[in-house]
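# Observations on the model geometry
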Amino acid sequence: MYRTILRAIQSCGAENYLIRKTQTESAELYFIRKELDMRRMKDITVYEVTVYRDSEVEGKKMRGFADAFIYPQMDEETVNKAITDAYYAATFAANPFFELPAGKKEEPVTMPGRLAGMSVTEAAEAFAEALFSVDNHPRAWINTAEFFVNRITTSIWNSAGIEVSYTRCEANGEFIVQTGEPQDVEQYQDFAYNDLDTESLKTQAREALETVVARAQATTAPAKGTYDVILSGKELRQLLSFYTERSNAAYIYPGYSNYRKGMKVQGEAVRGEKLNLTLKATVPYAYEGIPLSDRELIRDGELLDIYGNVRFSYYLGIKPTGNYEGMQVKNGTASMAQLKAKPYLHVVSFSGFDMDVFSGHFGGEIRLAYLFDGEKVTPVTGGSVNGSLLELQDNMIFSKETYKDSRYEGPLAVKFTGVPVAGV
Amino acid sequence: MQVNSSKILEEKRPLMKKLLAGLLETYTYASILAVDAEGKSYAVSRAGINIAKSDVWSECGYVIKVYDGESYGEYAFNHLEEDQIDGIVTRIKEQLMPWKEALAAGLCTKQYPRMDEEEASFEKSTECGRMPGQMGDGEVIEKLKAVRDKALTQREDLIDCRTACSYQVAHKIFLSPKKELAQNVMWTTGVLVAMAAKGEEIKTSFASCGGLCGLETLDEMEGLIPGVMDSIGYLLVSEPMVPGEYDCICTPEVTGMIVHEAFGHGVEMDMFVKKRALAEKYVGEYVASPLVTMHDGAAVAIDQSATFFFDDEGTPAQDTIVIDHGVLKGGICDAQAGMALHCAPTGNGRRQSTDHKAYTRMTNTYFEGGNDKLEDMIASIENGVMLCEATSGMEDPKNWGIQCMVNYAREIKNGKFTGRVFSPIVLTGYVPDLLKSISMMSETPKLSGAGMCGKGHKEWVKVSDGGPYIKARIRLG
């Protein structure tokens, strides 16, 4: 098919192109309690072809682009039509010119890890066995679980010589824990690993089973008012995406972000802790085939760099770095015990945590939080947090303890002062 | 004009039949769903002009479902040729279905009966005004540019206006021992987003048009401008919400989000099978005000973006009355959940794509209209707000908690808007409390379907939702 695509590109007259081939082999298990409800396998190959068309508008060099998905099922005539249509469409998507990244043929990369050495079915079985091995809590149980193990080979070619390929294996999924007493409640959990990290899954499941028991004790929402709010775990990744998104050339070029190199992103007068954030390469190559490497983004609250894809980086006159999925954040100075020394509302589970990168507002409905009033800790449920990171970012206190998942490594928790909470 | 059938699928239909026959030599039930879908998006903004195929709405693939006498398995792939049929059958017979034997001790397969189905054979297509071939990429971009340019002239404080259009033309063929179905469906949506700065905050407002139609919906986009500009004006003078419980008027989009997120997900009956939905215990009981009648179905609102003729398990589309004058009548159901619960599927078995599992999913979900005039509803509010622009929501079928986010709320005192605006707003509370508090409903329901719906945090499908303006008591933060 690759040859057919190249012939189609040449035949329509496109001189510049990007081809991405994604081959996915998957094994999936779906359980209701301890019964297998469905097993699935899949073998899918997709080519995404982007063709670029150069033109001149009022003396200014322009570059339009459009894409086509090519499937193995297509015959040569269909492939030709899809790519010719894309090249025609590119006429009408004329944007300011940008250069494609140059490169050369590189050896294929297989990302290391124990998943690479086993079949997708074996890996799915191992994760399922691990999860259900801890399903023995006296008061809580695993209600449902879904396991997805993928072996994905991504190959990238472009007209400037890039020819790279990498294979990654990933296991992800979700499970629901439930308890029946004193009330029937559940907690959602998701997981994602790039290694056969079954021990981490067991730990997560054990903690989740304890957490859902705690949630069953929670019957009321906190009283409405303002609280010192602690957020923890995966919510930090989403919260701190505010900074990674606003540092991206795709936000800066159109004026959606006012970030610039050297800017103090938390403001000039930081009362709390200053942010230290590094972009982490979770795959060897970015979307357009640029090699990815870890990149220090924010040091002591100062933006060191702007990053982004080829097009928007070119527009801003910076070296294209590619986009990143992972982040590493330096831990704070306070232990969890210190964060909890004074009254707080620690939200351990939201219905759905929302971080609006444009407005800076974050929040969501509280599924489970622990309220410390200075004397005792009470589990609460209901009500909502509605904070503004722009107003609160000068006084963030990060924990010494660490949380880690496939896209985040950094403080387990952050504490904000004076966050509005809707309650009873 | 009618949406045409797919050349690829028609060419592959004989091979699909041969493959199905091969599977039925071993298994008492097997089905094949084939999908050829083209999804395309156009956008114009300060970031530039973008024309792109959508990876969520585009695919060309197959999924086979097989019953081995006690349980089901699925195999998804996207290449079918004559010489591959034996290999596919072998992969299913030797790897997929025996895989259950490799499960760890203590785990077993859930027992299901064979799929019970009735004879059916049809091919149906939706109608649309202008197909992609009749409106070229250049004309689409010019229309989007014109609307954007006009919008940008409306206010001097706009950072940007983004106009966008997306469509999907989806062809599906479903084959099983008793069924041979085909459908060709097109939906299109247009979206206008405006952005303005309020200090370091960027406030955004949006509106959409479209549904089960072609690119002719682009002609409606200019009509979205006044509403979006009004909203930007409100957002720029907005202040943080004062948390509390308020009498609220919900616009039809906010009503739709409450219908969909707060209640709709809770009546997806695969959640009944998992004992994850409180609604199961309330069938036959009042869960809402007697004013409330709620529908879901791909056959209910023929001009909406989740309308189709059969679902991804070959079940014909239906109109399901979920709540009848306040009483919960039942849920919506996919075929496998139906087997587990011993009830008939309702045409709600939907997949993100052939390489995703089918779950019970909503389609077009809405409250019927009531008898009140909007002006009377506003006049009835002593101290409350009108909730505008639904932005996102998250379901909680197990405990009927509400999380819905709306962009802003306009204060109403003594029956009149005061000019005070709050933003953003989080709705919380207990679903039946909210639904039972509904005391007024305007006459005409309005549905919109620009967005997508996830099951939990994944499995995206196109849906629409809506209803009339409603008056209810809601906790806001």
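Predicted, not measured: the structure shown is a model, and the values here were computed from it. (Residues numbered from 1 in each chain as written. Chains lettered and ligands numbered in written order. Predicted model: local features only at pLDDT ≥ 70, side-chain atom pairs only at ≥ 80, totals over all residues. Heavy atoms only, no water.)

Okay, helix H1 (residues 2-12) of chain A next. Regarding H1(A), the residues found buried are Tyr2(A), Thr4(A), Ile5(A), Leu6(A), Ala8(A), Ile9(A) and Cys12(A). Where H1(A) is buried, its residues contact strand S1 (16-32), strand S2 (35-57), strand S3 (60-70), helix H2 (76-90) and strand S6 (140-158) of chain A. (Buried < 20%, exposed > 50% of the residue type's maximum accessible area, 1.4 Å probe, protein only. Helix = DSSP H or I, 4+ residues; strand = E, 2+ residues; numbered from the N terminus. Contact = heavy atoms within 4.5 Å.)

Turning to unusual backbone geometry, a few remarks are in order. Cis geometry marks the peptide bond from Glu181(A) to Pro182(A); its omega dihedral reads -5°. Mapped onto the elements of the fold, Pro182(A) is located in the loop between strand S7 (163-179) and strand S8 (185-193). A cis geometry characterises the amide bond from Ser423(B) onward to Pro424(B), with omega recorded as -15°. Position of Pro424(B) among the secondary structure elements: in the loop between strand S19 (416-422) and strand S20 (425-428). One non-glycine residue with positive phi stands out, namely Trp400(B), at about 55°.

Moving on: the packing of helix H3 (residues 120-133) of chain A against helix H4 (residues 198-217) of chain A. All names here are of chain A. Direction vectors running N to C along H3 and H4 enclose 30°, while the axes themselves pass 8 Å from each other. Both H3 and H4 take part in a crossing whose hand is right-handed. Across from Ala-126, Phe-127, Ala-130, Leu-131 and Ser-133 in H3, the residues of H4 making contact are Thr-198, Leu-201, Lys-202 and Ala-205. Of the residues belonging to the contact of H3 with H4, the class tally is six nonpolar, two polar and one charged. (Axes fitted to C-alpha atoms, helices over the stretch in contact; angles between N-to-C directions. Left-handed = near helix turned anticlockwise from the far one by under 90°. Nonpolar A, V, L, I, M, F, W, Y, C, P; charged D, E, K, R; others polar.)

Now for the sheet that holds strand S10 (residues 277-280) of chain A. Two orientations exist for strands paired in a sheet by backbone hydrogen bonds: parallel and antiparallel. Residue and element names in this part refer to chain A. The strand order across the open sheet formed by six strands is S12-S11-S10-S13-S21-S20, and the pairing between neighbours is mixed. At either end of the open sheet lies a strand with only one pairing partner, and these are strand S12 (302-303) and strand S20 (402-405). With two bridges joining them, strand S13 (residues 326-329) and strand S21 (residues 408-411) adopt parallel strand pairing. Across the sheet, the residue bridging to Met-327 is Tyr-408, located in S21. Of the strands in this sheet, S10, strand S11 (295-299), S13, S20 and S21 touch helix H5 (residues 234-246), which is tilted by about 100° from S13. (Pairing = 2+ DSSP bridges.)

What follows covers the packing of aromatic side chains. A complete count under the given rule lists 41 aromatic pairs over all chains for this structure. Ring centres 6.0 Å apart and planes at 75° place the aromatic pair Tyr52(A) and Phe98(A) in the edge-to-face group. Highlighted residues: Tyr52(A) in strand S2 and Phe98(A) in the loop between strand S4 (94-96) and strand S5 (109-110), separated in sequence by 46 residues. Judged by relative accessible area, which is 6%, Tyr52(A) ranks as buried. Centroid distance Tyr72(B) to Tyr112(B): 6.1 Å. Interplanar angle 70°. Geometry classified as edge-to-face. One end of the pair, Tyr72(B), is in strand S4 (residues 72-77); the other, Tyr112(B), is in the loop between strand S5 (108-109) and strand S6 (120-125), and 40 residues separate them in sequence. On the basis of relative accessible area, Tyr72(B) is assigned to the buried category, the value being 0%. Overall, Tyr112(B) belongs to the buried group, its relative accessible area being 5%. A network of ring pairs unites the aromatic residues Phe31(A), Phe127(A), Phe132(A), Phe147(A), Phe175(A), Phe191(A) and Tyr193(A) as a single cluster. (Phe/Tyr/Trp six-rings, centres within 6.5 Å; stacked < 30°, edge-to-face > 60°.)

In the predicted model, chain B carries a mean pLDDT of 95, and 100% of its residues have values of at least 70. Under the prediction, the complex receives an ipTM of 0.94, its pTM being 0.94. (pLDDT = per-residue confidence, 0-100.)

The subject of this paragraph is the sheet that holds strand S25 (residues 464-467) of chain B. Residue and element names in this part refer to chain B. As summarised here, the arrangement of the six strands in space is S13-S12-S11-S16-S25-S22, forming an open sheet in which the pairing is mixed. The open sheet has two edge strands, strand S13 (327-328) and strand S22 (446-448), and neither has a second partner. Bridge count between S22 and S25: three bridges; the pairing is antiparallel. Counterpart to Leu-447 in the pairing with S25 is Gly-466.

Every contact between the two is made by 85 residues of chain A and, on the other side, 95 residues of chain B. Carbon and sulfur atoms make up 53% of the area that chain A and chain B hide from each other, which totals about 7300 Å². Among the residues of chain A in contact with chain B, Arg39(A), Met41(A) and Gln73(A) are the three that bury the most area, contributing 13% of the side total. The tally of links from chain A across to chain B stands at 10 salt bridges. Between Glu35(A) and Lys110(B) there is a salt bridge whose closest N-O contact spans 3.8 Å. Where chain A meets chain B, there are 44 residue pairs in polar contact (both at pLDDT 80 or more). A class-by-class count of the residues in the side of chain A that touches chain B yields 39 nonpolar, 20 polar and 26 charged. (Buried area = accessible area lost by both parts, 1.4 Å probe. Salt bridge = Lys/Arg side-chain N within 4 Å of Asp/Glu carboxyl O. Polar contact = N/O pair within 3.5 Å; in protein donor to acceptor, adjacent residues only side chain to side chain.)

Right, let's get into the side chain of Gln183(B). Residues and elements named next belong to chain B. Relative to the assigned elements, Gln-183 resides in strand S8 (residues 179-198). Here the side chain of Gln-183 touches Phe-310 through a polar contact of 2.9 Å, landing on its backbone nitrogen. Apart from the residues within four sequence positions on either side, Gln-183 is in contact with Lys-124, Ala-170, His-171, Lys-172, Phe-308, Phe-309 and Phe-310.

Often the size quoted for an interface is simply the accessible area lost on bringing the parts together. Residues and elements named next belong to chain B. One can read the domain layout of chain B as domain 1 (7-103 + 120-236) and domain 2 (244-476). Of the residues lining the interface, 37 residues belong to domain 1; the matching set on domain 2 comes to 35 residues. Taken together, the connections running from domain 1 to domain 2 amount to three salt bridges. We note a salt bridge from Arg-351 to Glu-74, for which the minimum N-O separation is 2.9 Å. (Domains from an automatic or database assignment.)

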